[in-house]
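Observations on the model geometry
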Amino acid sequence: MTAASAAHVLLPALSGTELTQSLTSFEEFVSGRILIWLLLAVGLYLTIRTRGVQVRLFGRAVHLVARSRHQRGSLSSFQAFVIGLGGRVGTGNIAGVALAVTLGGPGALFWMWIVALLGMATSFAESTLAQVFKIRAPDGIFRGGPAYYMQRGLGLRGARGGTARLGRGMGVVFAAMLVFSYGLIFPMVQSNTIALTLNEGHRVPVATTAVALMAITAPILLAGMRVVARVTEWLVPLMAGVYLAVVLVVIVVSAPRVPGVFADILAGALGLKAGLAGTAGGLFAAFLNGTKRGLFSNEAGQGSSPNGAATADVAHPVTQGLIQALGVFIDTIVICTATGLTVLLAGPEVYTPGVEPRWAETTLVQHALADALPGGWVVWFMSFVVFTFAYSSVLGYSAFAEINATYLGGGRRTGVVLRLAMTAATGLGAVVALELAWVMADIALALMTVLNLIALLWLSRWVLAALRDYDAQRAGGASEPVFVAPGNALLPDELPGDVWTADRARARVVSLDEE
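Residues numbered from 1 in each chain as written. Predicted model: local features only at pLDDT ≥ 70, side-chain atom pairs only at ≥ 80, totals over all residues. Heavy atoms only, no water.

Considering the arrangement of structural elements, one finds L408 in the loop between α17 (377-407) and α18 (412-431). A relative accessible area of 39% places L408 in the partly exposed class. Separated by 261 residues in sequence, L408 and A147 place their C-alpha atoms 9.2 Å apart. With sequence-adjacent residues up to four places away left out, L408 is seen in contact with V172, A175, A176 and V179. (Helix = DSSP H or I, 4+ residues; strand = E, 2+ residues; numbered from the N terminus. Buried < 20%, exposed > 50% of the residue type's maximum accessible area, 1.4 Å probe, protein only. Contact = heavy atoms within 4.5 Å.)

Below, the discussion takes up the environment of V236. Mapping V236 onto the fold places it in helix α11 (residues 225-253). We classify V236 as buried; its relative accessible area is 2%. Linking V236 and L85, residues 151 residues apart in sequence, is a C-alpha distance of 7.5 Å. The residues contacting V236, other than those within four sequence positions of it, are V82, L85, G86 and S392.

Now for the packing of helix α15 (residues 317-344) against helix α20 (residues 460-475). It is the contact of α15 with α20, at a shortest axis distance of 9 Å, that shows an interaxial angle of 100°. The angle between α15 and α20 falls in the class roughly perpendicular. On α20, the residues touching V318, T319 and L322 of α15 are A466, L467 and Y470. When its residues are assigned to classes, the contact of α15 with α20 shows five nonpolar, one polar and no charged. (Axes fitted to C-alpha atoms, helices over the stretch in contact; angles between N-to-C directions. Parallel < 35°, antiparallel > 145°, perpendicular 65-115°, else oblique. Nonpolar A, V, L, I, M, F, W, Y, C, P; charged D, E, K, R; others polar.)

What follows is about the packing of helix α5 (residues 77-88) against α11. Contact geometry for α5 and α11: axes closest at 8 Å, N-to-C directions at 65°. Relative to α11, the element α5 is oriented roughly perpendicular. Seen along the crossing, α5 lies across α11 with a hand that is left-handed. Touching F78, Q79, V82, I83, L85 and G86 of α5 are A229, R230, T232, E233, V236 and P237, all from α11. (Left-handed = near helix turned anticlockwise from the far one by under 90°.)

Moving on: the packing of aromatic side chains. Centre distance and the angle of the planes are the two values used to describe a pair of aromatic rings. One pass over the structure, following the stated rule, counts 16 aromatic pairs. Aromatic side chains Y182 and F186 sit 5.0 Å apart centroid to centroid with 80° between the ring planes, which places their arrangement in the edge-to-face category. Remark: F186 and Y182 occur in helix α9 (residues 161-202); sequence separation between them is four residues, near one turn of the helix. In this structure Y182 comes out as buried when scored by relative accessible area, which is 1%. A relative accessible area of 6% means that F186 is categorised as buried. Measuring from ring centre to ring centre gives 5.6 Å for F387 and Y391, while their planes differ by 5°; the resulting arrangement is stacked. In this pair, F387 and Y391 are both assigned in helix α17, four residues apart and thus about one turn of the helix distant. Looking at Y391, the relative accessible area reads 6%, which means it is buried. A connected cluster of aromatic rings, assembled from ring pairs, spans F110, W111, W113 and F262. Here the guanidinium or amino end of K134 rests over the ring plane of F142, the centre of that ring lying 3.9 Å away. (Phe/Tyr/Trp six-rings, centres within 6.5 Å; stacked < 30°, edge-to-face > 60°. Lys NZ or Arg CZ within 6 Å of the ring centre and 35° of its normal.)

Functional significance is not addressed by these values, which are geometric in nature.
See the structure below:
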């Protein structure tokens, strides 16, 4: 969810100027009229070129996640997975989905599923590239992501000098914008949402929330990426599991209505039944709002999650690509669907297609839960959900920002300064709304996405080559394919560096045998 659309203003905005309004209109045009079509086109292209990798290897992805906790030196595959998932899953999975089904009707949920399937291919490709072109940092943790594969992928021996310089330039611009948006601005948005929820639900002063957030954020961020990984390793599964468990109870309680709701989702998406339009219109509104929510919720193609994917120490780049693709499935098809079903199963006094609800988005989900499971506990539960979803995003953002600060040449001291700045931003966002900064971060995110999609298409041959290598090894009987770059005839060029050498491969085989 973009910063401007997610922002809830607690105090009068500091910059409600014409500049802010103009930039907001520009960002909404770029994201809503251009980016969604680019993201859909790239997702469809990669789905075709990989022969539907997200479908044909879905079972393999589930298997890999189930045994991904083994750690060999960098972060474990599971830790990299939950860092990325923590960045994906945020308050947009609640408020954004409620807004989508309000504006687009039940059919919006169907289009979320479709774009999530396409997004899984995009996420697979960008995460595989992040693994192929990653480097090992002095602290033993791998670093990689769009900035790295822009520079290293476009700067190979076969590339012209101009292409190499272009790759470096793209990488620098991408990394700088990511540090600005994910390192400083987006944490403010998440803390603002937390402060609003606690203030409205429990009358907690925003200043108290600000101090508390800084107090629990600073020790984790300052301890470094390994501690961030260990915290997200238990926080993300806990928050998702608790939320899904409660929604499952709602579904069981409302079981007689479930088939009708799924029928409405399909009918609303295809315009097969009257009375299912959202407040923004009929069939196209369902498509547009479902597509936008699906794309911007799972972040596939935006270039954020590949930064986390690169930190995993795995035997083959495709392994982490499949695991990260599953993150899109969990974010959109599981968690967003859970929110959507909660709203759609509520009674007509809470939600009716085409009727403007009496409550804001997050509060709408709260009332929908209370409609199925009455009691004062709902307010506390939703506070827990909003807090954990938003806070896990802050932790994920910190890893993304640190990796890109390293790319820009920042050392240990720069890392400490960035973590302190993120801590301060988390506190500041709880007490004041900087609308202009949020809009600028959204524009930066849009430009990041365009740069990342260009690089994905440009370097897609590397993704396809790695996938062919993986498929060939599995067809030859290998239970755990191992990637060796030097002398690999399937690769389009020689891959520099020592990450994927034969010696490293042998070490990984030994490690796999010990699991």
